Amino acid sequence: MSVERHHAQEENVGAYLLSALTEIETRAFEKHLEECPVCQDELDRLRPAVDALPRSVDPVSPPASLKTSLMATVNADAREARGEARSEARRHGMARRLRERISRLSGGLTDMRPGVAWMAASIVLLAGMVGGATGLYAISELTSGDKGARTVTASVDKTRVPQASGSFAVAGNSAQGGVLRVHGLPTLENDSVYQVWLRRDGEAISQSLFSVGEDGDGAAAVADDLKSADAVMVTRERAGGAKAPSEKPVLNVRL
Amino acid sequence: MSRETDIQNLADEEVMHLVQEGNPRAFELLYDRHGGPAFSLAYRMVGDRVTAEDISQEAFLSIWRSRARYQADRGSVRTWVLGIVHHRAIDALRHNLVHEKRRSSAEGIEERFEARETTPGEAARREEARSVRAALEDLPDEQTRVIELAYFGGFSHSQIADMLEMPIGTVKGRMRLGLDKLRRSLAGVAA
């Protein structure tokens, strides 16, 4: 490392800690840090000052809806993970039983010619897989840990969002709402967001705002009780959201 | 002692360990402890409640979904959470052009939405805020200004140099000097 390069980067320590460097400068500084213990020490020395800055802010109460919406998504994620874990355990169990069946079968196949024995074992394996897959689906439906939970596929306006797809996971207790997941939605301009609505008795009730990543994937919570609601809809609105949908939904889930 | 009482008594790092195991109740406790400061920071930066709510929601969802990335040896849970919120807010500031409509009267906005001091925790946070703010305000004005514009305003050093009509090197120097003085001043304030 040259002295010149060190001097050039040394003055960036404060700006780096305050997130005031550009992305390119940040990458260059981080690369420099890897090989410069002097700058690393200086960074560690100044960091407590930056860590203290958020503590200078007076407390402002967040709205209760923030926690409700957040926990609806988190609980749905956790339920989904538990369901997947059970499915995974079931798959492992099925594979083990299949191996045992093949092992038992191979004992009875020792008198067969090798080619015939392999074909017979394959038929058993295939039959087991087909039967197992059906069972797996049924188990997944029955033991998702949330009796009554279901997933509904969204219909999409292909003229406006041709690559999009989506699904809505309804919690077992529909009073807990659900989670909408979307794929392939276009990213919006900076002054726009996607807004999720719940339609009940012909009225659209705003649920949440979301944006999608570069891959077009995103998720949003519907925290309200789904009872007597007939659809979850997504529209494109100006940043901050709208009081009522300003356009026909680009994505619609019929409940 | 009930299980619920048990979890309430856990230190942040222990709660975070449960969060990493995918425990939603532990995550809810994490939010209860840090959601207020997180929202306050986002609100201080962007100046409107809807955007602050979006930022907080995105930050906490990112914490939940990237929970495996938390490393206890890299600092406190509070610092980690607020760091994520800060980066999200900077992204929002730099991409959503909310600079113009906010911060024109940040103090006035805070007055309108200040939380009532209903709990000892909130009162303590408010007192802590006063102490840290006093240390910040004790710095020479030009140093306080560049630090606040960068940290709370989300402006880059070159934008600050343009705004204050000074060389970039001067801006960077004042940032570093200001942070150093603040660090020394805070050494007498509870960390």
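All of these numbers come straight from a predicted model, not from anything done at the bench. (Residues numbered from 1 in each chain as written. Chains lettered and ligands numbered in written order. Predicted model: local features only at pLDDT ≥ 70, side-chain atom pairs only at ≥ 80, totals over all residues.)

A. The arrangement of the sheet that holds strand β4 (residues 178-183) of chain A in detail. All names here are of chain A. Across the sheet, four strands lie side by side as β1-β3-β4-β7; this open sheet has antiparallel pairing. Lying at the two open borders of the sheet, with one neighbouring strand each, are β1 (150-153) and β7 (218-222). Adjacent strand axes in the sheet meet at a mean angle of 20 degrees, parallel and antiparallel pairs treated alike. As paired strands, β4 and β7 are joined by five bridges and run antiparallel to one another. Bridge assignment links Val182 to a residue of β7, and that residue is Gly218. (Pairing = 2+ DSSP bridges. Helix = DSSP H or I, 4+ residues; strand = E, 2+ residues; numbered from the N terminus. Axes fitted to C-alpha atoms, helices over the stretch in contact; angles between N-to-C directions.)

B. The arrangement of the sheet that holds strand β5 (residues 192-200) of chain A in detail. All names here are of chain A. Strand order in the open sheet formed by five strands is β2-β9-β8-β5-β6, and the pairing between neighbours is antiparallel. Two strands in the sheet have a free side with no partner beyond their single neighbour: β2 (155-156) and β6 (203-210). Pairing analysis gives seven bridges linking β5 to β6, with the strands arranged antiparallel. In the sheet register, Gln195 faces β6, and the bridge partner there is Leu209.

C. Region of the structure containing the confidence of the model for chain B. Residue and element names in this part refer to chain B. For chain B, per-residue confidence averages 84 on the pLDDT scale, and residues scoring 70 or more make up 83% of the total. Confidence, expressed as mean pLDDT per element, reaches its minimum in chain B at helix α6 (residues 106-113) with 39 and its maximum at helix α8 (residues 141-151) with 96. Under the prediction, the complex receives an ipTM of 0.83, its pTM being 0.59. (pLDDT = per-residue confidence, 0-100.)

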